[in-house]
Amino acid sequence: MTRTASLERNTKETQIQLAFTIDGEGAAKLETPVPFMTHMLDLFTKHGQFNLDLQANGDVDIDDHHTTEDIGICLGQALKDALGDKVGIKRYGNAFVPMDEALAQVVVDLSNRPHLEIRAEFPSQKVGTFDTELVHEFLWKLALEARMNLHVIVHYGTNTHHIIEAIFKALGRALDEATTIDPRVKGVPSTKGML
């Protein structure tokens, strides 16, 4: 079974082509006009052992908002599509990742019930040219479109780059765990009989 999905999204603000494979090798081929987001998606892909092929263009002459948001939308849709009927998955994932002085935790439930809880403070409003408020925007659109329950907790940290990097690495690792096929699971992991 190949758990993969491809999609294209074209609006007046962004143009995105994305291919996502759950059972990958941590291979990322990324072309975006948002360098910091490109870096974070590379980390997410590597630490989740996914494959991600992404070409994105957007109105970054205004700011990075639309491009970052629409990448989150597309990645969430691709994750949902690649999961299919979710038969045999672990469903839940939890990962702690340290990055020097920062410690982030990400917990996910692939429940078909979209929700984002984020407990994080970023000491700086920008990392390079990237607005740190866009981390929330990306994660919310990812959770919404993947229809997952996503909790992000930053336990501590003083360097904004380190904090965000720990979040994206933990996100990859938590989703890797949640999407793993467990041979003990018969059907879907829910007493309802569906997710």
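Above this text you will find the structure in question.
As the structure is a computational prediction, the values presented were derived from the model and not from experiment.

## Thoughts on the nonpolar core
- F20, L139, M148 and L150 are the most contacted members of the largest nonpolar core, which totals 61 residues.
- In terms of residue count, helix α4 (residues 160-179) provides more of this core than any other element does, 10 residues in total.
- For F20, the residues in contact, after removing those within four places along its chain, are R3, T4, A5, F44, F50, N51, L52, L75, A78, L79 and A82.

## Thoughts on the pairing of strand β4 (residues 51-58)
- Relative to β4, strand β2 (residues 14-21) runs antiparallel, the two sharing eight bridges. When the bridges of β4 are listed, I16 appears paired with A56.
- Sheet topology places strand β3 (residues 27-31) next to β4; five bridges connect them, and they run parallel. Counterpart to A27 in the pairing with β4 is N51.

## Brief notes about the sheet that holds strand β10 (residues 149-156)
- Within the open sheet, the four strands sit side by side as β5-β6-β10-β7. Their pairing is mixed. The sheet is open, and its two borders are formed by β5 (92-99) and β7 (115-119), each paired with just one other strand. Between one strand axis and the next, the sheet turns by 10° as a mean value, whatever way the strands run.
- Note: β7 against β10, five bridges, orientation parallel. By the bridge assignment, E117 is partnered in β10 with H151.
- Lying over the sheet, helix α3 (residues 133-146) contacts β7 and β10, oriented at roughly 150° with respect to β7.
- Sheet strands touched by α4: β5, β6 (102-109) and β10. Its angle to β5, the strand with the most contacts, is close to 150°.

## Observations concerning the packing of aromatic side chains
- A full pass over the atoms with the stated rule returns four aromatic pairs.
- Measuring from centroid to centroid gives 5.2 Å for F44 and F50, while their planes differ by 40°, and the two rings are tilted.
- F44 gets classed as buried once you look at its relative accessible area, which sits at 2%.
- Look at F138 and F168: their rings are 5.5 Å apart centre to centre, the planes differ by 35°, and that puts the pair in the tilted class. Placement of F138 in helix α3 and of F168 in helix α4 is noted, with a sequence separation of 30 residues between them. Both residues of the pair, F138 and F168, belong to the buried class.
- The structure contains a cluster of three or more aromatic residues connected by ring pairs, namely F20, F44 and F50.

## Some words on the environment of S190
- Looking at the secondary structure, you find S190 in the segment after α4.
- Taking the C-alpha atoms as reference points, S190 and R91, separated by 99 residues in sequence, lie 9.0 Å from one another.
- With residues near it in sequence (within four places) discarded, S190 still touches R91 and L195.
- Of note is the side chain of S190, whose polar atom sits 3.4 Å from the backbone oxygen of M194.

## Digging into the pattern of salt bridges
- Under the definition given, this model contains nine salt bridges.
- In this structure, D109 engages R91 in a salt bridge whose closest nitrogen and oxygen atoms are separated by 2.6 Å. You can see D109 sitting in strand β6 and its partner R91 sitting in the loop between α2 (65-83) and β5, a full 18 residues away along the chain.
- With its nearest N and O atoms 2.8 Å apart, the salt bridge here joins D182 to R184.
- Overlapping salt bridges, with partners in common, bring together E69, E137 and K141 in one network.

The rules behind each value
Residues numbered from 1 in each chain as written. Predicted model: local features only at pLDDT ≥ 70, side-chain atom pairs only at ≥ 80, totals over all residues. Heavy atoms only, no water. Core = buried A, V, L, I, M, F, W, Y, C linked by side-chain atoms within 4.5 Å. Buried < 20%, exposed > 50% of the residue type's maximum accessible area, 1.4 Å probe, protein only. Helix = DSSP H or I, 4+ residues; strand = E, 2+ residues; numbered from the N terminus. Contact = heavy atoms within 4.5 Å. Pairing = 2+ DSSP bridges. Axes fitted to C-alpha atoms, helices over the stretch in contact; angles between N-to-C directions. Phe/Tyr/Trp six-rings, centres within 6.5 Å; stacked < 30°, edge-to-face > 60°. Polar contact = N/O pair within 3.5 Å; in protein donor to acceptor, adjacent residues only side chain to side chain. Salt bridge = Lys/Arg side-chain N within 4 Å of Asp/Glu carboxyl O.

So, to be careful, I would describe these as geometric facts and stop short of saying anything about function.
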